[in-house]
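Close look at the chain arrangement
Residue-level listing of the chains:
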Amino acid sequence: MADERFPYPLRLQKFLARAGVASRRGSEDLMTAGRVTVNGVVVTELGSRVDPAHDIVCVDGRRVEIAEHPVYIMLYKPRGYLTTMDDPQGRPCVAELVPRDIYPGIFPVGRLDKDTTGILLFTTNGDAAQQLLHPSKHVSKHYVALVEGRITSENRKVLEEGVMLDDGKAQPAEVDFPKRGSVAWDAVTPEGIRVGQTVVGLTIHEGRKHQVKRMLKAVGHEVVFLHRDVFGPLALKDVEYGSWRLLTEAEAASLERIIEDRKRQ
Ligand code: URA
């Protein structure tokens with residue numbers, strides 16, 4: 001009998017990503033490594049398709065299936081953790097902070113630098129990263145930075161018009177100045193603020209490596225502390241530093257709306 005959720009055969013890497021085994025790219029690696037079988041036969045060809053209603057897919061001999069609903073987790077990433085699910089050198093990584101035993105297959109959507117704090121989304125939805133972080137349609141993110149120096153109106157204008165970076169001009173950013181004592185201000189001043197330093201907010205719509213630090217450096221401001229408090233439709237709230245929570249139904253629905261809309265585009 002046809003499975004109404006999956007009326008058509010799926011590409012195997014998409015099936016694996018949806019089952020929460022790994023991202024689509026990670027799933028391709030598992031396939032080419034010969035770790036995936038369909039109905040008992042090893043499948044390495046990336047174009048292969050499976051029928052989720054009938055085929056039995058295993059990774060390393062263990063059956064994997066697509067859960068009814070993907071899982072979405074918000075982590076308040078603390079300082080000192082790498083954004084990876086596995087560090088061969090054994091350094092602290094975010095995998096230690098999220099419940100991967102309860103929700104196998106969760107992976108981070110995008111990354112924050114080791115010394116950056118704030119909102120980091122994890123999911124088993126293999127479409128999430130591709131749709132939310134596609135270079136041409138990154139969701140907006142808001143960062144708060146404690147920087148050296150005062151931000152002049154000229155520098156603000158440069159950031160708002162698109163500052164030149166070594167890998168090309170950044171898209172225009174929105175600049176704001178969080179109020180002293182606000183949640184955003186407190187997040188980047190756990191060790192206080194010195195005379196001559198500034199707390200500045202930036203909304204950006206792309207995600208190059210060290211983007212915010214490089215944008216601010218390009219206009220002469222060294223970042224002392226960086227924090228992300230908004231990722232797409234999600235705001236960092238109701239979660240303690242270093243802890244995680246599941247997204248509420250409303251949050252998950254807002255995220256899925258974006259993912260589904262973009263898939264249709
Ligand atoms: N930009 C940075 O420079 N670092 C981060 O962690 C995120 C955005």
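Here, the structure is the one placed above.
Note that this is a predicted model, so its numbers are computed, not measured. (Residues numbered from 1 in each chain as written. Predicted model: local features only at pLDDT ≥ 70, side-chain atom pairs only at ≥ 80, totals over all residues. Heavy atoms only, no water.)

By convention here, two paired aromatic rings are described through the distance between centres and the angle between planes. One pass over the structure, following the stated rule, counts one aromatic pair. Here tyrosine 76 and tyrosine 241 contribute two aromatic rings whose centre-to-centre distance is 5.3 Å and whose plane-to-plane angle is 75 degrees, an arrangement assigned as edge-to-face. Of this pair, tyrosine 76 sits in strand S7 (residues 72-77) while tyrosine 241 sits in the loop between strand S16 (234-235) and strand S17 (244-246), placing them 165 residues apart in sequence. The buried category is assigned to tyrosine 76, whose relative accessible area is 14%. The side chain of arginine 79 reaches across the aromatic face of phenylalanine 225, ending 4.0 Å from its centre. (Phe/Tyr/Trp six-rings, centres within 6.5 Å; stacked < 30°, edge-to-face > 60°. Helix = DSSP H or I, 4+ residues; strand = E, 2+ residues; numbered from the N terminus. Buried < 20%, exposed > 50% of the residue type's maximum accessible area, 1.4 Å probe, protein only. Lys NZ or Arg CZ within 6 Å of the ring centre and 35° of its normal.)

Below, the discussion takes up the layout of surface pockets. The space that makes up the largest pocket amounts to roughly 940 Å³. Lining the largest pocket are 30 residues, and of these Gly20, Val21, Ala22, Gly105 and Ile106 sit closest to its centre. Residue assignment for the lining of the largest pocket shows that the elements contributing at least two residues are strand S6 (62-63) and strand S8 (107-108). Of the residues that constitute the lining of the largest pocket, the class distribution is 15 nonpolar, seven polar and eight charged. Considered as a void within the structure, the second largest pocket measures approximately 390 Å³ in volume. Around the second largest pocket, the lining comprises 23 residues; the ones closest to its centre are Arg111, Lys141, Gly207, Arg208 and Lys209. Counting only elements with at least two residues in the lining of the second largest pocket, the list comes to strand S10 (141-148), helix H6 (211-218) and strand S15 (223-231). By residue class, the composition of the lining of the second largest pocket is nine nonpolar, six polar and eight charged. (1 Å grid on protein atoms, 1.4 Å probe; cavity = no way out; pocket = protein on both sides within 12 Å on 5 of 7 lines; lining within 4 Å. Points joined across faces, edges and corners; volume = space filled by probe spheres on them. Nonpolar A, V, L, I, M, F, W, Y, C, P; charged D, E, K, R; others polar.)

Further remarks concern the sheet that holds S6. What the four strands build is an open sheet, ordered S3-S2-S5-S6; its pairing is antiparallel. A single partner strand is all that each edge strand has here, and the edge strands are strand S3 (41-42) and S6. The sheet contact formed by strand S2 (residues 36-38) and strand S5 (residues 57-59) spans three bridges and is antiparallel. Its bridge partner being in S5, threonine 37 is matched across the sheet by cysteine 58. (Pairing = 2+ DSSP bridges.)

Below, the discussion takes up the side chain of arginine 262. Along the chain, the position of arginine 262 falls in helix H7 (residues 249-264). For arginine 262, the contacting residues outside a window of four places in its chain are Gln131, Leu132, Lys137, His138 and Val139. (Contact = heavy atoms within 4.5 Å.)

A separate point is the site of the ligand. The full set of residues close to the ligand is Leu112, Asp113, Thr116, Tyr143, His210, Gln211, Val212, Lys213 and Leu226. Between an oxygen atom of the ligand and a side-chain N or O atom of threonine 116, the distance comes to 2.9 Å. The separation between an oxygen atom of the ligand and a polar main-chain atom of glutamine 211 is 3.5 Å. When the free accessible area of the ligand is taken as 240 Å², the share hidden by the protein chains comes to 95%. Counting atoms within 2 Å of the grid points, the majority share of the ligand lands in the second largest pocket. Among the residues forming the shell around the ligand, the class breakdown is four nonpolar, three polar and two charged. (Near = heavy atom within 4 Å. Polar contact = N/O pair within 3.5 Å; in protein donor to acceptor, adjacent residues only side chain to side chain. Areas by Shrake-Rupley, 256 points an atom, 1.4 Å probe, with all protein chains shown as cover. Sits in = over half its atoms within 2 Å of the grid points.)

A word on the side chain of arginine 228. Its location among the elements puts arginine 228 in strand S15. As a buried residue without a salt bridge, arginine 228 has its nearest oppositely charged side chain in aspartate 229, at a separation of 7.9 Å. (Lys, Arg positive; Asp, Glu negative; His and termini not counted. Salt bridge = Lys/Arg side-chain N within 4 Å of Asp/Glu carboxyl O.)

Time to look at the nonpolar core. Counting residues in hydrophobic clusters, the biggest one holds 34 residues, and the most contacted among them are Ile106, Phe122, Leu159, Leu202, Met215 and Leu216. Counting only elements with at least two residues in this core, the list comes to S7, strand S9 (116-123), S10, strand S14 (197-204), H6 and S15. Not counting the four nearest positions on each side in its chain, leucine 159 is found in contact with Pro172, Ala173, Val175, Leu202, Met215, Leu216 and Val219. Grouped together as the second largest cluster of nonpolar side chains are 19 residues, Leu121, Leu133, Val239 and Ile259 included. (Core = buried A, V, L, I, M, F, W, Y, C linked by side-chain atoms within 4.5 Å.)

Nothing here speaks to function; it is all geometry.
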